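Coordinate inspection notes
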Amino acid sequence: MAPVSREAFDREELASAIPTAGDDTPLARELAENARRRIQLTGRELPKPLQPRILTVANQKGGVGKTTTTVNVAAAMAQGGLTVLVVDLDPQGNASTALGIDHHADVPSIYDVLVDGTPLLDVVQPCTTVENLFCAPATIDLAGAEIELVSLVARESRLQKAIAEAEATGHAYDYILIDCPPSLGLLTVNAMVAASEVFIPIQCEYYALEGLSQLLKNIELIRAHLNPPLHVSTILLTMYDGRTRLSAQVADEVREHFPQQVLRTTVPRSVRVSEAPSFGETVMTYDPTSSGALAYLEAASEIADRGAGITD
Ligand code: ADP
Ligand code: MG
């Protein structure tokens, strides 16, 4: 077992001092529970992974929370002391926007890396609101890359090569999270060849599982032909609405199919989460005490524990 620091011990003591509310007051109970979790997690230093991890955040459905999950998990990890790079591989550049990273048309971007072979570190920018957090931005050029890549040598492994070259210079990130576009084209293939893990956000709604089998089939194809270590390591249930039975049903079903992969934490629907990007911030700095920030902090903590071999 990992040694318990003095600070962690104090946090535990403080958390357990919060009175438990009766079952007849669900709101009070939820508030007390949130406060307890926040005390336990906030300011917690996250463990470094046994080896650097590269996760591709993928789901070919749009609007399921890929970008939101990428930027908030990345920010929470960086706040926990890990060095994290977000690679924005969606021409929409939503991850770049959410991290407050300049990505107008002339900015050196992941397009230059993929198409022209520009070194990855030449396009990486630091995030100004969170220390230890970096981003390789996407500009609108990337929309053309899907087609331009087709005629290039080693078209499926250009991102993998760029990351390997950056690592060879001695530059190490603890975590690289790659935000994919909502398609299974060459950009997503590049992401899946560069990573060894796939991280799938699933939105808790009716058609959530539709398309998942296609995604799994593609992962299997890439694993078999291009990248043997590739596997689905992590699934996060997003936009969970505790008031609907549907959310609970979807969550149960996903957990039944993927008991090892699904994180315990679910991310609730939260207005603060959706507001944050318009301020060029993640919810982790925009409103760190909101339920969404707390959920992403918990998710990041679970992922980091798994990566460090800590299980419970
Ligand atoms: P994707 O990258 O898969 O297309 P996004 O992360 O962009 O999905 O999310 C789609 C929309 O849903 C965005 O407007 C985002 O702000 C919103 N959203 C994502 N997660 C939440 C959440 N937990 N609560 C409320 N809105 C959310
Ligand atoms: Mg997105």
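Residues numbered from 1 in each chain as written. Chains lettered and ligands numbered in written order. Predicted model: local features only at pLDDT ≥ 70, side-chain atom pairs only at ≥ 80, totals over all residues. Heavy atoms only, no water.

1. What about the overall build of the protein?
- Looking only at helices and strands, the protein has 13 helices and eight strands in total.
- Relative to the globule expectation of 20 Å for 312 residues, the C-alpha radius of gyration of the protein, 19 Å, shows essentially globular dimensions.
- In the protein, which comprises 312 residues, the share counted as buried stands at 49%.
- Considering only contacts in the protein between residues 6 or more positions apart, those separated by 24 or more positions represent 79%.
- Charged side chains in the protein number 23 positive and 40 negative. The centres of these two groups are separated by 6 Å. (Helix = DSSP H or I, 4+ residues; strand = E, 2+ residues; numbered from the N terminus. Rg over C-alpha atoms; globule rule 2.2 N^0.38 Å. Buried < 20%, exposed > 50% of the residue type's maximum accessible area, 1.4 Å probe, protein only. Contact = heavy atoms within 4.5 Å. Lys, Arg positive; Asp, Glu negative; His and termini not counted. Charge placed at Lys NZ, Arg CZ, Asp CG, Glu CD.)

2. Digging into the pairing of strand E6 (residues 197-203)
- Judged by how many residues are buried, E6 sits mostly within the fold: seven of seven residues are covered.
- In E6, alternate side chains face the same way, and those of Glu197, Phe199, Pro201 and Gln203 on one face and Val198, Ile200 and Ile202 on the other are all buried.
- Two strands pair when backbone bridges link them, and strand E1 (residues 53-57) and E6 are joined in this way by three bridges, in the parallel orientation. Counted as the bridge partner of Thr56 is Val198 from E6.
- Here E6 runs beside strand E7 (residues 231-240); their pairing, made up of seven bridges, is parallel. Paired with Ile200 across the bridge in E7 is Ile235. (Pairing = 2+ DSSP bridges.)

3. Focus: the pattern of salt bridges
- Summed over the entire model, instances satisfying the criterion amount to ten salt bridges.
- Between Asp305 and Arg44 there is a salt bridge whose closest N-O contact spans 2.8 Å. Here Asp305 is found in helix H13 (residues 291-307), whereas its partner Arg44 is found in the loop between helix H2 (26-41) and E1, with 261 residues between them in sequence.
- Among the residues examined, Asp305 registers a relative accessible area of 16% and is labelled buried.
- A relative accessible area of 22% places Arg44 in the partly exposed class.
- Measuring nitrogen to oxygen at the nearest pair gives 3.1 Å for the salt bridge that ties Asp241 to Arg243.
- With relative accessibility at 77%, the residue Arg243 sits in the exposed group.
- In the salt-bridge network here, residues are joined through shared partners; they are Arg272, Glu275 and Asp287. (Salt bridge = Lys/Arg side-chain N within 4 Å of Asp/Glu carboxyl O.)

4. A closer look at a nonpolar patch on the surface
- Together, Tyr206, Tyr207 and Leu246 make up a nonpolar patch on the protein surface, roughly 340 Å² of accessible area in all.
- Relative to the helices and strands, Leu246 resides in helix H10 (residues 245-257).
- The exposure class assigned to Leu246 is partly exposed, which follows from its relative accessible area of 33%. (Patch = residues over 30% accessible without salt bridge, like charges linked within 9 Å, V, L, I, M, F, W, Y side chains within 5 Å. Areas by Shrake-Rupley, 256 points an atom, 1.4 Å probe, with all protein chains shown as cover.)

5. Comments concerning the UniProt feature "domain: AAA" (unreviewed entry) in the protein
- Listed under "domain: AAA" (unreviewed entry) in the UniProt record, and renumbered for this structure, are residues 53-231.
- Secondary structure content for residues 53-231 is 37% helix and 16% strand, while the C-alpha to C-alpha distance between its ends is 13 Å. (UniProt positions renumbered as here; feature names shortened; annotations may be inferred.)

6. Notes on unusual backbone geometry
- The phi dihedral of Ala154 falls on the positive side, at around 50 degrees, and the residue is not glycine.
- Given the relative accessible area of 43%, Ala154 is considered partly exposed.
- Positive phi, close to 50 degrees, is recorded for Met239, a residue that is not glycine.

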